[in-house]
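# A closer look at the structure
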Amino acid sequence: MILEVVSSSIIGGIYLAAKLKGGESPTNDHQKIKMIADAVGLKKNGQSIRIHRKYHPKNKHYTEYIYQIPLGLSLEDFQEKHQKFEDGLNNKQTRYLLSFKDLKKIDWKELRKINSLKELPEQFKRMFGEKQLIRKSVEMSFDGMLKIKVYDRAMPTYLPFRESVWEQCKKWHVPIGETKDGVHFIRLDDGHAVIAGTTRYGKTTFLHLLITTFLKLHPDEVEFSLIDLKSGLSFQRYKDCKQVINMAEDLSSAHSCLNDILQEMKHRKAWFKKLGVEKIQDVKQPITRHYIIIDEASNLDYRRMELKSKKDIEAAKFMYEQCKSWMKMIACEAASLGIYLIFSTQYPTAEILDSQVKANTITKICYRLDTGTQSYVVLDHTGAEEITIKGRAIVRTPDGTVQVQSYFLDDQQIEKVITPHIIIKARKDDEDETTGEDPGETGEDTLIIEPV
Ligand SMILES: Nc1ncnc2c1ncn2[C@@H]1O[C@H](COP(=O)(O)OP(=O)(O)OP(=O)(O)O)[C@@H](O)[C@H]1O
Ligand SMILES: [Mg+2]
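Worth saying up front: this structure is predicted, and the values here are computed from it rather than measured.

## What to know about the pattern of salt bridges
Applying the stated rule across the entire model yields 20 salt bridges. Note that Lys 171 is salt-bridged to Glu 221, the shortest N-O span being 2.7 Å. In this pair, Lys 171 is assigned in the loop between strand S9 (159–160) and strand S10 (173–179) and Glu 221 in the loop between helix H7 (203–217) and strand S13 (222–228), connecting sequence segments 50 residues apart. Here Lys 171 falls in the partly exposed class, since its relative accessible area comes to 45%. For the salt bridge of Arg 237 with Glu 415, the shortest nitrogen-to-oxygen distance reads 3.9 Å. Of this pair, Arg 237 sits in the loop between S13 and strand S14 (244–248) while Glu 415 sits in helix H12 (residues 411–418), and the two are 178 residues apart along the sequence. For Glu 415, a relative accessible area of 35% gives the class partly exposed.

This is the structure in structure tokens:
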């Protein structure tokens, strides 16, 4: 709900209205836009901008006004006055984004004591704080006509995940969060992804959303290798899901896991050759997509470990170098085979995020980073260092760069999705003994004992 406190003396008295979202007449905004354009000199030979059309798309948070502009003016002329348009559209109105719960906080006794209109916004600020204060924002573009999008809210700062969003997902898309335009999906079946961000800004939260989304929407077509090098705890809850075929939590188990992936790549390559196909999209037979999720990839680096003996250091160095070279191979060759690397790190330096891995990454998701240089390593531009909100990310794909507020998925929502997929898995040592079966041709059969 958007609550507007209009404090203009022109309106003539206190006007306090609780309106549903989008309740404000767009005509008012058009009139304001025209008045602002005239006032800041965006006129030629006495001619003002002329409205051609207004458009309010369903499920979007904006209204678009399309104008014919006087000859001799350009988009740049309007963009130069961008701030004037935003300020003008927010003039005389203080708008709050409130829930019904917030409405209960209104102290009507206090409100009645107000003598002057000027006190009203202050009183609301005291009741609700700055947090829910919202401003309209403006975006401009030109395609022969000037298009001005007026967003009726700023991007939210916290977005609990709604399960209904899954109903809108196309195949292998993850609903990462919302932009000013509404739900934003990222496609994860056409290449690898990098997720970067300083501590406690939302990387692992997004990884939970990714895993849960695919378990929910494609339970029979997905497999995971989960490499949690931070604490080993984040992915524990998935360890008994039948889709999780490998879990690792240190260098040695990550090394073995990546080695398994290389075998899987060899196996898929041989199979594709037999089928005479080049990429997974051409395979007609059922085939799984395999996601290798590495949370805190920098912890593979042996120099970050407390190793004492020379022998241990040498062994860790060897495994680390091998892991790095395998990750490069995976980044270069695996996507067409349906194997994808989701690489998450707090420290996006050139050492951790190898240039070949980066070059082969289609999706870049960047939460707050400490420096512009780090932002540059991930996104090829600065900006992530200016993020101050948890869950706020810059997402870069070949389609462009957008800012999103990521969804926050809670533990209960995760449990609900994974519970039907939990099975009792055999421990590695028991495998031969338990099943008595030979491993498959490639030695990669997953040994599972289903509960009776
Ligand atoms: N999308 C979000 N919206 C709101 N708050 C969030 C969001 N994502 C994370 N947070 C908050 O930040 C906390 C840390 O999130 P998360 O564990 O995802 O961070 P991280 O980037 O993985 O940190 P680290 O690098 O230390 O592992 C969460 O417990 C939650 O309170
Ligand atoms: Mg984390």
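There's more to say after this.
## Here's the deal with the nonpolar core
Formed by 85 residues in total, the largest nonpolar core has its most connected members in Phe 206, Phe 224, Tyr 238, Tyr 291 and Ile 293. The residues touching Phe 224, leaving out its near neighbours within four places in the chain, are Leu 210, Ile 211, Phe 214, Leu 215, Gln 243, Val 244, Ile 245, Asn 246, His 290, Tyr 291 and Ile 293. Among the nonpolar cores identified, the runner-up in size contains 18 residues, and Ile 36, Tyr 65, Phe 78 and Phe 85 belong to it.

## Here we look at the pairing of strand S19 (residues 400–408)
As judged from the two bridges shared by S9 and S19, these two strands associate in the parallel manner. Note that in S19 the partner of Leu 159 across the bridge is Tyr 407. Pairing of S10 with S19, which is carried by two bridges, proceeds in the antiparallel orientation. From the neighbouring strand, Glu 178 faces S19, where its bridge partner is Gln 405. The pairing of strand S18 (residues 392–397) with S19 spans six bridges and is antiparallel. Directly across from Val 395, in S19, lies its bridge partner Val 402. Hairpin connection, S18 to S19: the antiparallel pair is bridged by two residues.

## Describing the site of ligand 1
Lining the immediate surroundings of ligand 1 are 17 residues, of which Thr 199, Lys 203, Thr 204, Thr 205 and Lys 230 lie closest. Lys 203 places a side-chain nitrogen or oxygen 2.6 Å from an oxygen atom of ligand 1. Here a nitrogen atom of ligand 1 sits 3.4 Å away from a polar atom, N or O, in the main chain of Tyr 407. Looking at the shell around ligand 1, the elements with two or more residues in it are H7 and S19. The greatest single-element share of the shell around ligand 1, amounting to four residues, is contributed by S19. The residue makeup of the shell around ligand 1, split by class, is four nonpolar, nine polar and four charged.

## As for the sheet that holds strand S3 (residues 50–55)
Within the open sheet, the four strands sit side by side as S3-S4-S8-S7. Their pairing is antiparallel. Each edge of the sheet is formed by a strand with only one pairing partner; in this case those strands are S3 and strand S7 (137–142). Across this sheet, the average inter-strand angle for adjacent strands is 20°, counted without regard to direction. The sheet contact formed by S3 and strand S4 (residues 62–68) spans five bridges and is antiparallel. Paired with Lys 54 across the bridge in S4 is Tyr 65.

## A short note on the environment of Lys 230
Structurally, Lys 230 is set in the loop between S13 and S14. Spatially, the C-alpha atom of Lys 230 lies 7.1 Å from that of Asn 299, the residues being 69 residues apart in sequence. Residues within four places of Lys 230 in sequence aside, it is in contact with Thr 199, Asp 295, Glu 296, Asn 299 and Gln 346.

## Section: the UniProt feature "binding site: ATP" (unreviewed entry) in the protein chain
The UniProt record annotates "binding site: ATP" (unreviewed entry) at Gly 197, Thr 198, Thr 199, Arg 200, Tyr 201, Gly 202, Lys 203 and Thr 204. Assignment of secondary structure puts Gly 197 in the loop between strand S12 (192–196) and H7. Among all residues touching Gly 197, those that are not within four sequence positions of it are Lys 203, Thr 345, Gln 346, Tyr 367, Arg 368 and Leu 369. Turning to its location among the elements, Lys 203 is positioned in helix H7. Exposure remark for Lys 203: the relative accessible area of 7% places this residue in the buried category. Once you skip the residues sitting within four places of it in the chain, Lys 203 turns out to touch Ile 195, Ala 196, Gly 197, Thr 198, Ser 344, Thr 345, Gln 346 and Tyr 367.

## A word on the environment of Ala 248
With respect to the secondary-structure elements, Ala 248 resides in strand S14. For Ala 248, a relative accessible area of 4% puts it in the buried group. Each C-alpha atom of the pair Ala 248 and Phe 235 lies 9.5 Å from the other, and the pair is 13 residues apart in sequence. Those residues in contact with Ala 248, other than ones at most four positions away along the chain, are Leu 226, Ile 227, Asp 228, Ser 253, Ala 254 and Cys 257.

## Some thoughts on the side chain of Asn 90
Among the structural elements, Asn 90 can be located in helix H3 (residues 82–90). For Asn 90, a relative accessible area of 11% corresponds to the buried category. Side-chain polar atoms of Asn 90 contact the backbone oxygen of Glu 86, separated by 2.8 Å. Aside from chain neighbours lying at most four places away, what touches Asn 90 is Arg 135 and Lys 136.

## Regarding unusual backbone geometry
Its identity is not glycine, yet Asn 45 carries a phi of approximately 45°, on the positive side. Checked against the element boundaries, Asn 45 lands in the loop between helix H1 (26–39) and S3. A relative accessible area of 80% means that Asn 45 is categorised as exposed. Positive phi values are uncommon outside glycine, yet Glu 296 reaches one of about 65°. In this structure, Glu 296 sits in the loop between strand S15 (289–295) and helix H9 (310–333).

About the cut-offs
- Sequence positions are assigned chain by chain, starting from 1 and proceeding in written order.
- Lettering of chains starts at A and numbering of ligands starts at 1, both following the order in which they are written.
- Local features in a predicted model are, by the rule used here, given only for residues with pLDDT of at least 70; side-chain atom pairs are given and counted only at 80 or more, and totals for whole chains, interfaces and linings are based on all residues.
- As a rule here, side-chain values cover all heavy atoms of the structure and leave hydrogens and water aside.
- Think of a salt bridge as a Lys or Arg side-chain nitrogen and an Asp or Glu carboxyl oxygen that are within 4 Å of each other.
- Only DSSP runs of H or I with at least four residues qualify as helices, and only runs of E with at least two residues qualify as strands; both kinds are numbered from the N terminus onward.
- Type-normalised accessible area, obtained with a 1.4 Å probe on protein chains alone, sets the label of each residue: buried when under 20%, exposed when over 50%, and partly exposed for intermediate values.
- Buried Ala, Val, Leu, Ile, Met, Phe, Trp, Tyr and Cys residues form a nonpolar core when they are joined through side-chain atoms within 4.5 Å.
- Should any heavy atoms of two residues lie within 4.5 Å, those residues are counted as being in contact.
- Only when DSSP finds a minimum of two bridges between them are two strands counted as paired.
- Neighbouring residues are identified by heavy atoms, a residue being near a molecule or strand if any of them is within 4 Å of it.
- Polar contact is the term for a pair of N or O atoms within 3.5 Å; when the atoms are in protein, one must be able to donate a hydrogen and the other to accept it, and sequence-neighboring residues count only if both atoms are side-chain atoms.
- Charged means Asp, Glu, Lys or Arg here, nonpolar means Ala, Val, Leu, Ile, Met, Phe, Trp, Tyr, Cys or Pro, and polar covers whatever is left, Gly included.
- Helix axes use the C-alpha atoms of the stretch in contact, all axes being lines fitted to C-alpha atoms, and the angles between their N-to-C directions lie in the range 0 to 180 degrees.
- UniProt positions are given in the numbering used here, feature names are shortened, and annotations may be inferred rather than shown by experiment.

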